[in-house]
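Reading the structure
Each chain is listed here by its residues.
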2 protein chains.
Amino acid sequence: MSIKVGILGYGNLGRGVEKAVSVCDDMSLVGVFTRRDPSTVSIDSGAKAYHVDALENMKDDIDVLIICGGSATDLPEMTPKYAAMYNVIDSFDTHANIPVHFANVDAAAKKAGKIGIISCGWDPGMFSLNRLYAHSVLPGGKDYTFWGKGVSQGHSDAIRRIEGVVDARQYTVPVPEALDAVRSGENPELTTRQKHTRVCYVVAEEGADKARIEKEIVTMPNYFADYDTTVNFISSEEMKRDHSGLPHGGSVIYSGTTDDGKKKHVIEYSLKLDSNPEFTGSVLTAYARAAYRMNQNGDNGAKTVFDIAPALLSPLSGEEIRAHML
Amino acid sequence: MSIKVGILGYGNLGRGVEKAVSVCDDMSLVGVFTRRDPSTVSIDSGAKAYHVDALENMKDDIDVLIICGGSATDLPEMTPKYAAMYNVIDSFDTHANIPVHFANVDAAAKKAGKIGIISCGWDPGMFSLNRLYAHSVLPGGKDYTFWGKGVSQGHSDAIRRIEGVVDARQYTVPVPEALDAVRSGENPELTTRQKHTRVCYVVAEEGADKARIEKEIVTMPNYFADYDTTVNFISSEEMKRDHSGLPHGGSVIYSGTTDDGKKKHVIEYSLKLDSNPEFTGSVLTAYARAAYRMNQNGDNGAKTVFDIAPALLSPLSGEEIRAHML
């Protein structure tokens, strides 16, 4: 029997989920749901596009709804709304608002007897798991998270909003010396500036004041002011040729001890991803399988990756995973 | 309320568990159980030593029994036996026999209404988790496991059994070129010899035939014949000074794709451990907490790391882990 999946939202992440579902033999894609006029949306896999309002009447057709919206305004509204009707999963990543989001999804999902997994992907998600496993095994250690080298879409968007900028791509890059110090188990205290640098590629309008644009970037509060930032002006052709992908990755490094601090242990989990949205979509899809199974087992309410037994992610049986992966 | 822990077996691993329990505020060590005369066993932490037979009458005193025996003969007998009385956990690592061991522990634990976690530690254990998570997120990829640089106790023991050998230490060392090829996402086919080398430090009896010892080592079937092996003869003083620790570690590297193979993703989990038994003991201790909690929640039977939600390992609440680690 196939798990019937719906995708809500069809940007980069929705397309990543679509690709991930297509390689899961135990899943089928019911359709993609969009706020746009569905007749204007072409779905890569040929699946049907529906207007989002169709979700009001498809409870029997969808086992899990994967919600691919933005954390700022979409998910706080969408995830609780649809958790009242479907098993749902999202990639909510506004860290400070997770407790409120969790509570809202929990209330809706419990009332409906559904599962709502929030904050899934790689950070939050796989990185969070590695922080938790490491802290649990070696209490009292210290975790470090490095992002990149990879494209930050939020920072790229921030540059695009500057007057005179046609296009921009911002790479977050971990500082090699900081990585080395952490990997050595030294537990250094690192400032924001010491952990990451930011490298920007900018296409400027013809005749734009590049010095002004550069200054506006490097002094931008929250986004760039606390970092060593490099700005490179390039042509549209170079942007398209060299920076059209959305690679990302990073590392969670945990350093702890045993024997009263006499023995050091370093745990590192790292990702090198050619496509951030396709990998994130793959994580969401594996956890969609878990959402469905947990609900079939009678569970309900809001969950995070912390609450989900790893075996629930795999299409294989307990016997098979013990034989091949244990 | 404190989780009352018993340790069965007091070798390197039992001592590692003892140290790990001592840094867990929610656990207390009831005692160490040994097949030796307990009056001859000095427990590092000052905990009480009991003869193993005392376990017949301590069901109300122990919440989880951590079994620190060998996989060859101890655990196949001990774990089912004590799963009939206690929540138990072991580090059984004879891969081919896991199905039988799982079935034996499952039957005993289910009958007693207890939890029996088997094959816990770092491999099997944390490495297994990383294989499962990666295969589940990116179906169709390939996992590689490298061990070392670290001391293999089984291989060290095999050398010690050779005539004329006083002491020996064997390091398993991953081949850097193999690691690089796997990390690049090339998915190479690697032979045993291409993945690891073996480096041996041997103290020989005075007047022993070192050429014969070296030949016996490098041609030993299963242990060394399939590897490039280096043998270094050293003095007892050098052995004690340079090779008294039990460091280990390694990496699970998974390489998978999305978008019909067009996008590559590499996931790596790696450990650098100053003490193999102390880290393994720390993993067992965290999972002992989970065993207790699962049993408190009414669950029973045999489990592996695959069956256990990560949150169950942490002494912190759901709210705390979501706030600090998600």
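Above this note sits the structure.
Keep in mind the model is a prediction, meaning the values are calculated, not measured. (Residues numbered from 1 in each chain as written. Chains lettered and ligands numbered in written order. Predicted model: local features only at pLDDT ≥ 70, side-chain atom pairs only at ≥ 80, totals over all residues. Heavy atoms only, no water.)

1. Topic: the sheet that holds strand β8 (residues 150–151) of chain A
Residue and element names in this part refer to chain A. If you trace the four strands from one edge of the open sheet to the other, you get β8-β9-β10-β11, paired in mixed fashion. The sheet is open, and its two edges are formed by β8 and β11 (228–233), each paired on a single side. Pairing between β8 and strand β9 (residues 165–174): two bridges, direction antiparallel. Bridge pairing links V151 to Y171 in β9. Of the strands in this sheet, β9, β10 (196–204) and β11 touch helix α8 (residues 210–218), which is tilted by about 150 degrees from β11. (Pairing = 2+ DSSP bridges. Helix = DSSP H or I, 4+ residues; strand = E, 2+ residues; numbered from the N terminus. Contact = heavy atoms within 4.5 Å. Axes fitted to C-alpha atoms, helices over the stretch in contact; angles between N-to-C directions.)

2. Focus on the sheet that holds strand β6 (residues 115–117) of chain A
Residue and element names in this part refer to chain A. Pairing is parallel in the open sheet, where seven strands are placed in the order β3-β2-β1-β4-β5-β6-β14. The sheet terminates laterally at β3 (49–51) and β14 (301–303), the two strands that pair on one side only. Strand-to-strand twist in this sheet, taken as the mean axis angle between neighbours without regard to direction, amounts to 25 degrees. Where strand β4 (residues 64–67) meets strand β5 (residues 87–89), three bridges bridge the pair, whose relative direction is parallel. Note on β5: the bridge partner recorded for L65 is V88.

3. Overview of the side chain of D106 of chain B
Locating D106 of chain B in the fold gives a position in helix α3 (residues 98–112). You can call D106 of chain B buried: its relative accessible area is 16%. (Buried < 20%, exposed > 50% of the residue type's maximum accessible area, 1.4 Å probe, protein only.)

4. Notes on the relation of the copies chain B and chain A
When chain B is brought onto chain A, the operation consists of a screw motion whose angular component is 180 degrees and whose axial shift is 0.0 Å, with 0.0 Å RMSD remaining. In short, the pair behaves as if placed about a two-fold rotation axis. (Least-squares fit on C-alpha atoms with pLDDT ≥ 70 in both.)

5. Overview of the packing of aromatic side chains
Taken as a whole and assessed by the stated rule, the structure comprises nine aromatic pairs over all chains. Measuring from ring centre to ring centre gives 4.9 Å for F33 of chain B and Y50 of chain B, while their planes differ by 10 degrees; the resulting arrangement is stacked. Here F33 of chain B, found in strand β2 (residues 27–34), pairs with Y50 of chain B, found in strand β3 (residues 49–51); they are 17 residues apart in sequence, far enough to count as distant. Look at Y50 of chain B and you get buried, because its relative accessible area is 18%. The rings of W122, F127 and Y269 of chain A are connected pair by pair, giving a single aromatic cluster. In this structure, K149 of chain A is placed above the aromatic ring of Y171 of chain A, and the distance from its NZ or CZ to the ring centre is 5.0 Å. Cation over ring: K195 of chain A sits above F146 of chain A, and NZ or CZ is 5.2 Å from the ring centre. (Phe/Tyr/Trp six-rings, centres within 6.5 Å; stacked < 30°, edge-to-face > 60°. Lys NZ or Arg CZ within 6 Å of the ring centre and 35° of its normal.)

Shape is all these values report; function is a separate question.
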